[in-house]
Structures are given as structure tokens and as C-alpha cells.
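Understanding the architecture of this molecule
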Amino acid sequence: MITVHDIYTALDAAAPFASQESYDNSGLLVGNGQEAVTKVLLALDITIPVVREAATLGAQLILSHHPVIWGGLKQISPAHPVWHLIENHITAIASHTCMDIATEGTNKMLGDTLRSVLPLCEAITPLHTLSGDRTLGCCCDLQHPMQTQDFIRALQQALDCEGIRYYHNDDPIKRIAWCGGSGGDLIPDALACGADALITGDLKHSEWCDAVNRGFSVFDCGHFFTEQPVLTQFRNILQKAFPTLEIVDSKVLQSAIYNVE
């Protein structure tokens with residue numbers, strides 16, 4: 001029998017929950033660690049439609065990247081996903097910033113996704129160093145320069161997203177940096193690593209201005225599309241540890257937020 005605790009332990013070995021940032025809330029957030037699990041639903045976020053999807057599928061656990069509980073809950077009502085998790089006896093685990101900084105985590109998977117279309121060289125270096133030996137984001141040369149419009153088309157194909165916001169300085173792109181989620185504050189790090197462009201999501205207005213002032217190309221592909229590849233790593237970890245476990249990717253969130261058929 002596979003339990004919620006067994007799955008927690010496998011995730012902890014791959015990306016220790018203790019390494020998460022102080023503001024984060026990764027870990028077992030809803031449910032009992034001793035519950036048996038035969039089916040897991042993978043999702044970037046746990047919304048009410050995702051909980052309903054899990055209930056329809058008969059999944060006992062939802063494994064998400066973003067925590068379903070960010071701060072102290074003062075009320076649990078039907079307007080919050082936690083109500084529906086409890087009502088349907090579904091447990092929830094989140095692996096967020098600990099997975100973002102893991103060697104085989106969010107940014108490794110984003111890089112693998114980009115490599116499926118972009119001509120990335122083999123050598124990849126960290127973009128930003130945190131305390132200790134923890135790193136965030138990646139930087140890598142292209143095997144040959146790319147013009148902006150060709151680069152955008154490649155990003156759309158790799159990430160399966162159409163709406164890319166960008167600023168570019170018309171120079172060919174030879175070296176790129178990337179950080180899944182919200183990485184606009186890493187523009188100075190991208191410049192320091194010699195990148196011509198940064199791929200990320202959720203750029204703030206001030207970060208767009210910073211890019212323009214520096215003449216630095218940035219490509220905002222969206223938080224969802226730059227972090228969705230982490231679900232592949234969740235699947236890899238669980239399949240390796242539990243070959244008999246049924247693992248399903250959520251189908252509802254992308255269409256719910258981005259109105260994509």
C-alpha cells in the first residue's frame with residue numbers, strides 16, 4: 001500500500017521541503033499522511049475545478065506546485081478549495097520553492113522543454129545564487145544566433161502558448177537566461193551571465209522599464225506556461241518510486257485561466 005506519507009518522502013528526497021523560502025508553504029497541507037493512495041492528480045494550482053476533477057477521477061491526492069494555503073486561514077467556506085478538499089476526502093501536497101531551486105526541478109524542466117525546439121548548447125550555468133549552494137534559473141548559449149521573430153515562434157511551439165509579451169533590441173539572440181514563474185527581478189543576473197534575453201513570466205511594469213533602459217530583450221511567456229513543465233518532474237519522481245501508482249495530469253486549469261481550448 002502506498003500512503004500520502006510515502007509520496008511526501010519521495011518528493012522530499014528529490015527537493016527537500018526544508019529548503020523552501022521562508023514565505024512559502026510547501027508540504028502536506030490538507031489531509032492525513034497515513035491515507036492510502038492509488039491515484040494522484042498533478043496540477044500547477046489547486047482551484048475548486050481541480051478539486052472537482054480529482055473527485056470525478058477518484059484521485060485521493062492532488063500534488064501541486066503552488067500551495068493551496070498561502071497564509072493563515074481565518075475562515076474555511078465553500079469559496080475556498082480547502083473546503084472542497086476536506087468535503088471530498090482528498091489530500092493535498094505542494095512542492096513550490098523547494099522544487100524551483102532543486103537541481104532537477106522547475107528550471108531544469110523548463111530548460112528541457114525549451115531544448116525541444118531551441119538550439120541550446122549542452123553547458124548550462126546557474127542564473128542566480130541564493131544562500132549556500134542553492135541556485136535559481138539557468139543561462140545557456142544557443143548553437144547559432146536567432147532573430148527575434150524566429151525565437152518567438154520557437155517559444156510558442158515549445159511552451160504551447162500564443163500570447164507572448166516581449167521587448168527586444170533587434171540584436172540577434174546568442175545566449176539566453178530563463179526562470180520559471182516570476183523572474184523579472186533577475187534581469188541584472190541575466191545581464192551579468194552574458195545573456196541577450198530573459199525568458200520568464202509575470203513581468204512587472206518597473207521590470208519592463210528596466211529592460212528598456214538597459215536595452216535588454218525580455219520575453220514574458222506567462223507564469224503558467226513557464227512553470228507547467230515542472231509537472232513532468234513530479235511524474236518522473238512518482239513513477240520511479242511507485243511504478244504501480246496511477247498519475248494523471250489536470251486538464252482543467254489551463255482552459256479555466258487562459259481560455260485555451
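Conventions we followed
Per chain, residues are indexed from 1 in the order of the written sequence. The predicted origin of the model limits local features to residues at a pLDDT of at least 70 and limits the giving and counting of side-chain atom pairs to 80 or more, whereas totals for whole chains, interfaces and linings rest on all residues. Note: side-chain values were computed over all heavy atoms of the structure, leaving out hydrogens and water. Paired strands are those between which DSSP finds at least two bridges. Note on conventions: DSSP H or I runs of at least 4 residues are helices, E runs of at least 2 residues are strands, and numbering of each starts at the N terminus. Angles run from 0 to 180 degrees between N-to-C directions of axes, and those axes are lines fitted to C-alpha atoms, restricted for helices to the stretch in contact. Contact between two residues is taken to exist if any of their heavy atoms lie within 4.5 Å; hydrogens are not considered. Only protein atoms enter the 1 Å grid, on which a cavity is a set of points fitting a 1.4 Å probe that cannot get out and a pocket is an open set with protein on both sides within 12 Å along at least 5 of 7 lines, lining residues being those with an atom within 4 Å of a point. Grid points are joined across faces, edges and corners, and a volume is the space filled by probe spheres set on the points. Each residue is assigned to one class: nonpolar for Ala, Val, Leu, Ile, Met, Phe, Trp, Tyr, Cys and Pro, charged for Asp, Glu, Lys and Arg, and polar for all the others, Gly among them. The disulfide definition used here is simple: a pair of cysteine sulfur atoms within 2.5 Å. Burial classes: relative accessible area under 20% of the type maximum marks a residue as buried, over 50% as exposed, and values in between as partly exposed (1.4 Å probe, protein chains only).

Brief notes about the sheet that holds strand β9 (residues 197-201)
The strand order across the open sheet formed by six strands is β5-β6-β8-β9-β10-β7, and the pairing between neighbours is mixed. Taken across any chain shown, the strands that pair with only one partner, and hence form the sheet edges, are β5 (120-129) and β7 (165-167). Within the sheet, the average angular offset between the axes of one strand and its neighbour, ignoring direction, is 20°. Pairing between strand β8 (residues 173-182) and β9: four bridges, direction parallel. The partner of isoleucine 176 across the bridge, within β9, is alanine 197. The strands touched by helix α8 (residues 205-214) within the sheet are β7 and β10 (217-220), with β7 carrying the most contacts at an inclination of about 30°.

Details of the layout of surface pockets
Taken as a whole, the largest pocket holds about 350 Å³ of empty space. What lines the largest pocket is a set of 18 residues, and nearest its centre among them are Tyr23, Thr97, Asp100, Leu136 and Ser182. Mapped by element, the contributors of at least two residues to the lining of the largest pocket are α4 (97-100), β8 and α9 (223-227). The greatest single-element share of the lining of the largest pocket, amounting to four residues, is contributed by β8. The space that makes up the second largest pocket amounts to roughly 270 Å³. The wall of the second largest pocket is formed by 17 residues, among which Thr103, Lys108, Ile124, Gly137 and Cys138 lie closest to the centre. Every element with two or more residues in the lining of the second largest pocket is listed here: α5 (106-115), β5 and β6 (135-146). Sort the elements by how many residues they give to the lining of the second largest pocket and α5 lands first, with five residues. Grouping the constituent residues of the lining of the second largest pocket by class yields seven nonpolar, six polar and four charged.

Description of the state of the cysteines
Under the definition given, this model contains one disulfide. Between the sulfur of cysteine 139 and that of cysteine 193 lies a disulfide, 2.2 Å long from S to S. Between cysteine 139 and cysteine 193, the disulfide has an S-S torsion of 60° and is therefore right-handed. Taken together, the positions of cysteine 139 in strand β6 and cysteine 193 in the loop between α7 (187-192) and β9 put the pair 54 residues apart, joining distant regions of the chain. Here cysteine 139 matches cysteine 193 in class, with each residue buried. Lacking any disulfide linkage, cysteine 209 is separated from the closest cysteine sulfur, that of cysteine 221, by 19 Å.

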